[in-house]
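Okay, here's what each chain looks like letter by letter:
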Amino acid sequence: MISPQRSPPGSSSQSPRSPSAPPFLSVTVTDPVKLGNGVQAYISYRVITKTNLPEYQGPEKIVIRRYSDFVWLHDRLAEKYRGIFIPPLPEKSAVEKFRFSAEFIEMRRQALDIFINRIASHPQLKQSEDLRTFLQEDEETMERARSQETGIFKKKPADLIQIFKDVQSKVSDVVLGKEKPVEESNPEYEKLKHYIFELEDHLAEAQRQAYRLVKRHRELGQSLSDFGKAIKLLGACEGDSLGKVFADLGSKSELLSIKLQKEAHNLLMNFEEPLKDYVRAVQSIKATMVDRANAFRQQCELAETTKLKEINLDKLMLMRSEKAMEAEIEYKELKAESEEATRRFETIVKLMSEEMVRFQEQKTADLGLAFHEFAKGQAKLANEIADAWRSLVPKLDACSPSLCS
Amino acid sequence: MMGPETHLGFGSPPREKMESLVLSDVASDYRSAMSSSLSAVVDGCDPLLSLPSPLSTSAAASSSSSFVDPPSYADVVFSPLDSQNGAAPDRPSLRRDSSSPRSDRAAASEYAKITVSDPQKEQDAVNSLVPGGGTYVTYLITSRTRAGGAEFRVRRRFRDVVTLADRLAEAYRGYFIQPRPDKNVVESQVMQKHEFVEQRRSAIEKYLWRLSVHPVIGKSEELRAFLQAQGKLPLPTSTDVASRMLDGAVRLPKQLFGEGPAGYVTPQDAVQPAKGGRDLLRIFKELKQSVANDWGVAKPPVVEEDKEFLERKEKMQDLEQQLSMASQQAEVLVKAQQDIGETMGQLGLAFIKLTKFETEEAIYNSQRVRATDAKCLATAAVKASRLYRELNAQTVKHLDTLHEYLGLMLAVQGAFSDRASALLTVQTLMSDLTSLHTRIDKLEAASSKIFGGDRSRMRKVEELKETIRVTEDAKCCALREYERIKESYLLWLC
């Protein structure tokens, strides 16, 4: 049984070593480098840890990590800290070709950086030993640790489907005569489950539109560039002053094309990615809900088994059977297990409610910033476009009287 | 809980950078509002709601915060294109619209105003063979001359416009004439009647206006007749291709057997291009000539010598190609602008739904704050989408000029081909003459060998001499026509 590390919520670990300096732990993921050849090629990242916490080996440490190392850390934390919404990881890339594109690498690096920093600032997660291993151990140790965990702890898709069924199809189970799956009958929690599922849909739609908007910016940029070139060529057919104006128009068009491409990138990194991150976070909550459902089921099952054992024990004791001794020991063990399961479940419930508050606040802040970046980027772009065209108008006005029929 | 170093954002920009942007004051206000909102959340007050002016203007109006010159754009926004027609000198407020170069030409035109309006259905007097036919649309054409100022009103149908265009093409060979509106046979069946009539009405108006500002055609009798003659249009109608070919086929045997007048080109015919006519034999001969020009050894006696013309021709072809490219790219650009506007709108919609959802389900105050933020964004996005649509309407209007010029290039090509075909006619006739002379010489040589002359051959010689005389005349006419076209081209240069 793995017991979660617990510390009183809200308190950060005070370091007695340096009472004057506040404790800090900051991590940077940087410097992606492609290593290996052919099919086995992968990207490695440099992870730089700066801290004054005593549990760490020194004020600064640099290690090299790859994506699967992050996955390892995520899975370990998910195992040990049930009830806490583990910060989400960026997805594995499905398309081979895309895996090494500069944009994908940059998006992943940014997402990993945020991932590790969220862990490092989470009151419970940051004390994890696995985190320390991740941030400090050399590459060989890391590889050994990674190869030991071969995904036995990974969340099975069946679990997610189970919770989905819990939410959606209570009625059908009853109709089919199946035994109703054991689940909580907490109305507030029901509301929360419903909220989370619907939220995911809305967010996914918003993220889709955001991604499409990025594409549209790129397309517009490309068309402006092509148009600018064509106008320049057209101007070359004309006479001097008119031709020059056409050339100016073409140049402005090409200039704006560049600005549009830049804004597209900005939109992608600072607006679309936060939305995607939000979707992932919601999925992480769903995973925690699975944990909670499992814990509840376990608790119920153990409670029932214990009760049965108790009844059996009483019977044996009445009969003064020699099995009573054995049964009593078994019963005591089972009771301890049952209490443990109940404790675990209650921990998850408590943690979840704290985490929800945290989650909502963090999301508000993150989204607020993303919206701000969006508005700023669009305003800047619009200003640049207006300036570019406006600067052209006096030249056009100067040229227009000379246009003869 | 949220210490200064743990505020994780996606590439949170340093403060200095944000100061340097136009929105700097508002931006820093927002950030401080954000951080204070988090601590204030517990108190239940919502700073975003209490700071409506800077934030809502920044979020909602950020895309329009530096809109300079709304007036000149506002006027032009949805005014229909044909209001520029002739109205350009009357509307000085449209400072920056594209009709300003045209207003110079408009001032020189004979006509102050031409409008096409009031489409009406009328019944054909004769029963049409086509079922459902027999009705057509007439348009009221109002025009006013710049000189007298008298106003003329006539009713014309589209067929009359076609006739006008054909007569002008015949009479003004070699000039750059605005192409007439398309017949659009397919579209007239497919489109909504009302829309199609409107499209045609506007096209006719534009066409007539362009004709009127043309320095030569604007003064033409044909145009005047079209605009002013009451009742039926007093111009000869064109015949269709099929009946022309039929007529030509009937004549051909006579031509081949060299019977009298059907065998050669008359002077009046020589002035017209071969292609559109009924003289199949002439078409064949000119084709033969053009092949001989390209592949033959001997150079024809009259060739295109004007080097400047040839240069110009090349430039024109180059121009046409570039126009076509630019026109294509303009279309792509318009589509891209349309797409981005649409997607922006859909983004706004997605966020509105999100806002509604969060507001309904809100348990925590942070959710309400977030919902409000999302709503601001959504409103801004929807507004931006609308602005993109307006931008596109403008863009289409102005870039349409490229398309129009492309249409004009067709006229230019037509003028060039007129010149080329006139030259070809001259060359063909000269070849004819040469071969006729040769035949005469041969016949005379052969007949001189026979004692007392050969009566049938002498008769033949007489006929040929007659033919030569007519052909010489025709050649002179053709040559004159060719020179005329060359001169009209020179007129165009200035």
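What you see is a predicted model; the values in this text were computed from it and never measured.

Colleague: Explain the overall build of chain B to me, please; I cannot follow it from the model alone.
Modeller: Scanning chain B for helices and strands turns up 16 helices and three strands. By the burial criterion, 41% of the 494 residues in chain B qualify as buried. In chain B, once contacts between residues fewer than 6 apart in sequence are set aside, the share between residues at least 24 apart is 71%. Summing over all exposed atoms, chain B offers an accessible surface of approximately 27300 Å²; the carbon and sulfur share of this is 58%.

Colleague: Help me understand the nonpolar core, please; the structure alone is not making it clear to me.
Modeller: General note: in soluble globular proteins, nonpolar side chains tend to be found buried as a group. Ranked by size, the top nonpolar core spans 76 residues in total, and within it Phe271 of chain A together with Phe351 of chain B carry the most contacts. Only helix H7 (187–237), helix H8 (240–318) and helix H9 (323–399) of chain A together with helix H14 (307–361) and helix H15 (365–449) of chain B provide two or more residues apiece to this core. Phe115, Leu125, Met142 and Leu351 of chain A belong to the second largest nonpolar core, which has 33 residues in total.

Colleague: Any chance you could explain unusual backbone geometry here in plain terms?
Modeller: When glycine is set aside, most residues are seen to have a negative phi, and most peptide bonds are trans. Residue and element names in this part refer to chain A. In this model, Asp31 sits at a positive phi of 60°, which is unusual for a non-glycine residue. With respect to the helices and strands, the residue Asp31 is situated in strand E1 (residues 25–35). Overall, Asp31 belongs to the partly exposed group, its relative accessible area being 35%.

Colleague: What should I look at first to understand the environment of Ala398 of chain A in this one?
Modeller: Counting through the fold element by element, Ala398 of chain A comes out in helix H9. Taking the C-alpha atoms as reference, Ala398 of chain A lies 9.8 Å from Val245 of chain A; in sequence the two are 153 residues apart.

Colleague: It is not clear to me how the packing of helix H13 (residues 280–295) of chain B against H15 of chain B should be interpreted in this structure. Could you clarify?
Modeller: Working note: a packed helix pair is described by the angle between its axes plus the distance between those axes. All names here are of chain B. In contact at an axis separation of 9 Å, H13 and H15 are set at 95° when each is read in the N-to-C sense. Relative to H15, H13 is oriented roughly perpendicular. Contacts between H13 and H15 involve Arg282, Lys285, Glu286, Gln289, Ser290 and Asn293 from the first element and Ser421, Leu424, Thr425, Gln427, Thr428, Ser431 and Asp432 from the second. A class-by-class count of the residues in the contact of H13 with H15 yields one nonpolar, eight polar and four charged.

Colleague: Where do I start with the confidence of the model for chain A in this structure?
Modeller: Keep in mind that low pLDDT regions are not for reading the predicted coordinates in detail. All names here are of chain A. Summing up the model confidence of chain A, the mean pLDDT is 83 and the portion of residues at 70 or higher is 84%. Confidence scores differ between elements of chain A, with helix H6 (residues 170–175) showing the lowest mean pLDDT of 49 and H7 the highest of 92. Counting interchain partners and residues more than four positions distant, the pLDDT-below-50 stretch residues 1–18 has 22 contacts.

Colleague: Please explain the sheet that holds E1 of chain A as it appears in this structure.
Modeller: Residue and element names in this part refer to chain A. Here we have three strands laid out as an open sheet, ordered E1-E2-E3, and antiparallel in their pairing. Edge positions in the sheet fall to E1 and strand E3 (60–66), since each of these pairs with one other strand and no more. For this sheet the average axis-to-axis angle between neighbouring strands, irrespective of direction, equals 20°. The sheet contact formed by strand E2 (residues 42–51) and E3 spans seven bridges and is antiparallel. The residue of E3 that forms the bridge with Lys50 is Glu60. Here helix H1 (residues 67–80) sits on the sheet in contact with E1, E2 and E3, set at roughly 105° to E3. On top of the sheet, helix H3 (residues 129–136) reaches E1, E2 and E3; it is set at about 90° to E3, its chief contact.

Colleague: Where do I start with H8 of chain A in this structure?
Modeller: In an α-helix, one turn spans 3.6 residues; hence positions three or four apart end up facing the same way. All names here are of chain A. End to end, H8 covers 115 Å across 79 residues, agreeing with the expected 117 Å (1.5 Å per residue, within 8%). At Leu268, H8 shows its largest kink, close to 35°. With its phi angle positive at about 50°, Arg320 sits one or two positions after the end of H8.

Colleague: Can you help me understand the side chain of Arg65 of chain A in this one?
Modeller: Residues and elements named next belong to chain A. Turning to its location among the elements, Arg65 is positioned in strand E3. Although Arg65 is buried, it forms no salt bridge, and the closest oppositely charged side chain is Glu139 at an N-O distance of 4.0 Å. A distance of 2.8 Å separates a polar side-chain atom of Arg65 from the backbone oxygen of Phe134. When residues no more than four places from it in sequence are discounted, the contact partners of Arg65 are Ile43, Ser44, Tyr45, Val47, Phe70, Thr133, Phe134, Gln136, Glu137, Asp138, Glu139 and Met142.

Colleague: So what exactly am I meant to see when it comes to the sheet that holds strand E2 (residues 135–145) of chain B here?
Modeller: Sheet strands line up and pair through hydrogen bonds in the backbone, either parallel or antiparallel. Residues and elements named next belong to chain B. One open sheet holds the three strands; their spatial order is E1-E2-E3, and the pairing between them is antiparallel. If you trace the sheet from one side to the other, it starts and ends with strand E1 (111–123) and strand E3 (151–157), each paired once. Neighbour to neighbour, the strand axes of the sheet diverge by 20° on average, direction disregarded. Sheet topology note: the E1/E2 ladder contains ten bridges and is antiparallel. Looking at E2, one finds that Gln123 is bridged to Thr135. Contacts from helix H7 (residues 158–171) reach E2 and E3, with the element oriented near 100° to E3.

What counts as what
Residues numbered from 1 in each chain as written. Chains lettered and ligands numbered in written order. Predicted model: local features only at pLDDT ≥ 70, side-chain atom pairs only at ≥ 80, totals over all residues. Heavy atoms only, no water. Helix = DSSP H or I, 4+ residues; strand = E, 2+ residues; numbered from the N terminus. Buried < 20%, exposed > 50% of the residue type's maximum accessible area, 1.4 Å probe, protein only. Contact = heavy atoms within 4.5 Å. Areas by Shrake-Rupley, 256 points an atom, 1.4 Å probe, with all protein chains shown as cover. Core = buried A, V, L, I, M, F, W, Y, C linked by side-chain atoms within 4.5 Å. Axes fitted to C-alpha atoms, helices over the stretch in contact; angles between N-to-C directions. Parallel < 35°, antiparallel > 145°, perpendicular 65-115°, else oblique. Nonpolar A, V, L, I, M, F, W, Y, C, P; charged D, E, K, R; others polar. pLDDT = per-residue confidence, 0-100. Pairing = 2+ DSSP bridges. Expected span 1.5 Å × (residues − 1). Bend = angle between axes of the 7 residues up to and from the residue. Lys, Arg positive; Asp, Glu negative; His and termini not counted. Salt bridge = Lys/Arg side-chain N within 4 Å of Asp/Glu carboxyl O. Polar contact = N/O pair within 3.5 Å; in protein donor to acceptor, adjacent residues only side chain to side chain.

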